[in-house]
Amino acid sequence: MSVRIHFLPDDVTVDAKVGEPLLEVARRAGVIIPTGCLMGSCYACTVELEDMDTVRACISAVPPGREKLTINLFSDPTW
Ligand code: FES
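Along each chain, residues carry numbers from 1 onward, in the same order as the chain's sequence is written. Residue-level local features of this predicted model are given only where pLDDT is at least 70; pairs of side-chain atoms are given and counted only at 80 or more, and the full residue set underlies all totals for whole chains, interfaces and linings. Think of the side-chain values as coming from all heavy atoms in the structure, minus any hydrogens and water.

(A) Examining the pattern of salt bridges more closely. Here a salt bridge means any side-chain nitrogen of Lys or Arg lying within 4 Å of a carboxyl oxygen belonging to Asp or Glu. What the rule picks out here adds up to two salt bridges. Its salt-bridge partner being R4, residue D15 comes within 3.0 Å of it at the nearest N-O pair. In this pair, D15 is assigned in strand 2 (residues 12-17) and R4 in strand 1 (residues 2-8), connecting sequence segments eleven residues apart. Relative accessibility decides the category of a residue: with a 1.4 Å probe and only protein chains considered, values under 20% of the type maximum give buried, values over 50% give exposed, and everything between is partly exposed. Under the relative-accessibility criterion, R4 is labelled partly exposed at 43%. For helices the rule is a DSSP run of H or I covering at least 4 residues; for strands it is a run of E covering at least 2, with both sets numbered from the N terminus onward.

Structure follows, in structure tokens:
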């Protein structure tokens, strides 16, 4: 099952599979999610999922049960 992922604020859309790691989806979409530890402990990679809480992208995957998902990278890039 594929899920259409919409990244904000970049406004990029990409199709992903349920269970695909969010960092991988982002990389495929050309969206940079800042990361640090990649182990779920530094929160550098925190993003906000539509209708859901914030998640740490490095330990999160595309959730089942929806056709579309908006992922908001709320930290503004500083460059
Ligand atoms: S990179 Fe550290 S919590 Fe995800």
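(B) Broad picture of unusual backbone geometry. The omega angle of the peptide bond from L8 to P9 is 0 degrees, so this bond is cis rather than trans. The topology assignment puts P9 in the loop between strand 1 and strand 2. For L38, which is not a glycine, the phi torsion comes out positive at approximately 60 degrees. Among the secondary structure elements, L38 is positioned in the loop between helix 1 (22-29) and strand 3 (46-49). For Y43, which is not glycine, the phi dihedral falls at a positive 65 degrees.

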